2 protein chains.
Amino acid sequence: MVVGCIPEWVDNRILLCRRAIEPRYGLWTLPAGFMENGETVQQGAARETLEEAQARVAVGALYSMFNLPHIDQVYLLFRARLLDLDFGPGSESLEVALFDPAEIPWDALAFPVIAESLRLFLADRGSGGVGLRSGTIVRTQGEQMRYRIELHESSAAW
Amino acid sequence: MVVGCIPEWVDNRILLCRRAIEPRYGLWTLPAGFMENGETVQQGAARETLEEAQARVAVGALYSMFNLPHIDQVYLLFRARLLDLDFGPGSESLEVALFDPAEIPWDALAFPVIAESLRLFLADRGSGGVGLRSGTIVRTQGEQMRYRIELHESSAAW
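Residues numbered from 1 in each chain as written. Chains lettered and ligands numbered in written order. Predicted model: local features only at pLDDT ≥ 70, side-chain atom pairs only at ≥ 80, totals over all residues. Heavy atoms only, no water.

> Just give me the short version of the overall build of chain A, but keep the residues and values in it.
Assigned secondary structure in chain A consists of two helices and nine strands. Put simply, chain A runs from its N terminus to its C terminus through helices and strands in the order β-β-β-β-α-β-β-β-α-β-β. A globule of 158 residues ought to have a C-alpha radius of gyration of about 15 Å, and chain A, at 15 Å, matches this closely. Dimensions of chain A, computed from the C-alpha atoms along their principal axes, are close to 40 × 40 × 35 Å. (Helix = DSSP H or I, 4+ residues; strand = E, 2+ residues; numbered from the N terminus. Rg over C-alpha atoms; globule rule 2.2 N^0.38 Å.)

> Can you lay out the environment of Arg18(B) for me, pointing to particular residues and giving the numbers?
Counting through the fold element by element, Arg18(B) comes out in strand β2 (residues 14-19). Once the C-alpha coordinates of Arg18(B) and Ala110(B) are considered, the two residues, 92 residues apart in sequence, prove to be 8.6 Å apart.

> Quick one: what's the story with the relation of the copies chain A and chain B, residue by residue and with numbers?
One chain copy maps onto the other through a rotation about an axis and a shift parallel to that axis. Of the two same-sequence chains, chain A is brought onto chain B (RMSD 0.0 Å, axial shift 0.0 Å) by a rotation of 180 degrees. With respect to symmetry, the two chain copies, as superposed, fit the operation of a two-fold axis. Same-surface contact between copies: 100% of interface residues of chain A are shared with the interface of chain B. (Least-squares fit on C-alpha atoms with pLDDT ≥ 70 in both. Contact = heavy atoms within 4.5 Å.)

> So what about unusual backbone geometry? Which residues, and what values?
Residue and element names in this part refer to chain A. A cis amide bond links Glu22 with the next residue in sequence, Pro23, at an omega value of -5 degrees. With respect to the element layout, Pro23 can be found in the loop between β2 (14-19) and β3 (28-29). The phi dihedral of Gln54 is positive, around 50 degrees, even though this residue is not glycine. As for its position among the elements, Gln54 is in the loop between α1 (41-53) and β5 (57-68). Given a relative accessible area of 38%, Gln54 falls into the partly exposed group. (Buried < 20%, exposed > 50% of the residue type's maximum accessible area, 1.4 Å probe, protein only.)

> Tell me about the confidence of the model for chain A, and name the residues and values.
With 94% of its residues at a pLDDT of 70 or more, chain A has an overall mean of 93. The complex model carries a pTM of 0.92, and its ipTM stands at 0.91. (pLDDT = per-residue confidence, 0-100.)

> Lay out the side chain of Glu116(B) in plain terms, naming residues and giving numbers.
Residues and elements named next belong to chain B. Counting through the fold element by element, Glu116 comes out in helix α2 (residues 112-127). Judged by its relative accessible area of 8%, Glu116 is buried. Each residue touching Glu116, except ones within four places of it in the same chain, is listed here: Phe66, Ile149 and Leu151.

> Got a sec to walk through the pairing of strand β6 (residues 73-82) of chain B? Specific residues and values, please.
Residue and element names in this part refer to chain B. Burial analysis of β6 places nine of its ten residues in the buried class, which makes it a mostly covered element. Here strand β1 (residues 2-8) runs beside β6; their pairing, made up of seven bridges, is parallel. Residue pairing in the sheet places Val2 in a bridge with Tyr75 of β6. Bridge count for strand β5 (residues 57-68) against β6 is nine bridges, and the pairing is antiparallel. (Pairing = 2+ DSSP bridges.)

Structural data, given as structure tokens:
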């Protein structure tokens, strides 16, 4: 289980980290990582944010739950309020920065699950309805590293 | 990660299984079990329901997410529509039955996380607002097998 968050500052900018580790060295991602024993999913999301971005957050509602069955992972990303601007790269990050929605580096995001969650989140926040999103990232055969995204019914619609 | 569901029949009755295995042999529970590799959380919930209750369901929205940090588990329970009445005990169940909300065997439920999820679900369904519930089951010190339940903010409230 991978837990992480979408840290928002009060001006709606979103905090991203540029990876200092493989895979996808040098690409941007949301703070997220493997859950550890003895912690809650919310504590794990906050811990990963502190480790990767030296940032303190108040973790809110679960925003997205994506299955990645080809690598036996489930991604849980939470909404989170950044508590101050006192952040900086942890040991697994080259750089940490706040991005306006219009400035998100879409072509330099590390993982399909991150790109899809961010895309949905910005659309949902723009329209005012931010409920849980759920889906599956399916690795497609044939070409290398191509994916199909299957969104499940929204939770509001049962 | 433990995945399961709250199977509902069209008359609002809920399917429960009486455990044929330890722990909590002979007590009632919702169909749920450990997620396996290569499946989605929704597929895992449907598989467990088929294995424990020989029942086919359409898995819907995530209803509850509970942390059980004292045993390093996260419980994900989904809403589910029972597709027919062709169910029966699987090898891990003594008995499988549909219960009216007024007939739930509260004193013979197997786990706090199941009792709390059912209690919340029946209250939410009764009031018409069934969003995601999230919380933590905290084992309290001192007395044996006592728990405190901490509910998190509802997802609707950010």
